[in-house]
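Here is how the chains run, residue by residue.
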Amino acid sequence: MSTGTCKGFLLGALLMGLAACEDIAALDLGGATTGENLALRNATLGDGTIKLVPPPGFCVDKRSLRKSFAIMARCDTLGGNLNTDAPLAVITATTLAVTGPAQVSTSDVAGASETVLQQDDDGPLALVQVKGAPPSPDMRDTYWRGAARVGNHVVGLAIYEATSGQDLGATAPNLLIQTYERTQEQSVVALVALQDNSATGGPKQTNGGLLSGLFE
């Protein structure tokens, strides 16, 4: 993968996922619930080989599920079990099938209209902290993004904190890392199960570049 070719594609796919999902505006980051249980412990994305697993205290919002996109929030804000140890925040996940030896770097996940505050290419995720425009006015304008390879997909993650809550500091990127590690572990299990049940074809090359569309 050429950084010059793919820079910005990851960011574009995430923004497309958020624009396509109206339910992010319906999340109450103050901890209130509608009474309906919308919380899922995990979800399957992509071609069935990505098993998205939130960090402890978080659940997948079943309203948000798309083939390659999902929103996670604290379980009790979705009508699930109360867990005040988890912070009031929203985590988004986007997946994109890729071919070849895709390598993700921080230059792939930072937007031109955002100010990069921190970046880290040394961990399991390519991580950036940016200052920009969050998807909701109830969210802080400083947030984290990360992306990494999981099997034949690239998974893009972002975490947005509530303006009414305490600054999460290092907890925010750590939650993205936990989400990635838990998802990677369970995706291996899902892939083995899928291969046992039926033969699967290889991922298709996306139009416009290897990672084009992950953050559009």
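Draft legend 1. Structural view of the pattern of salt bridges. All told, the structure shown has five salt bridges when counted by the stated rule. The partner of Glu-161 in a salt bridge is Arg-140, with the nearest N and O atoms 3.7 Å apart. You can see Glu-161 sitting in strand S10 (residues 153-161) and its partner Arg-140 sitting in the loop between strand S8 (126-131) and strand S9 (142-150), a full 21 residues away along the chain. Assessed through its relative accessible area of 5%, Glu-161 is described here as buried. On the basis of relative accessibility, which here comes to 25%, the residue Arg-140 falls in the partly exposed class.

Draft legend 2. Summary view of the state of the cysteines. Taken as a whole and judged by the stated rule, the model has one disulfide. Covalently, Cys-59 is tied to Cys-75 through a disulfide, its sulfur atoms 2.1 Å apart. Between Cys-59 and Cys-75, the S-S dihedral sits near 90°, and the bridge is therefore right-handed. Of this pair, Cys-59 sits in strand S4 (residues 58-61) while Cys-75 sits in the loop between strand S5 (69-74) and strand S6 (89-97); the two residues are 16 residues apart in sequence, bridging distant segments of the chain. In this structure Cys-59 comes out as buried when scored by relative accessible area, which is 8%. Given the relative accessible area of 10%, Cys-75 is considered buried.

Basis of the calculations
- Residues numbered from 1 in each chain as written.
- Predicted model: local features only at pLDDT ≥ 70, side-chain atom pairs only at ≥ 80, totals over all residues.
- Heavy atoms only, no water.
- Salt bridge = Lys/Arg side-chain N within 4 Å of Asp/Glu carboxyl O.
- Helix = DSSP H or I, 4+ residues; strand = E, 2+ residues; numbered from the N terminus.
- Buried < 20%, exposed > 50% of the residue type's maximum accessible area, 1.4 Å probe, protein only.
- Disulfide = S-S within 2.5 Å.

None of this, on its own, says anything about what the molecule does.
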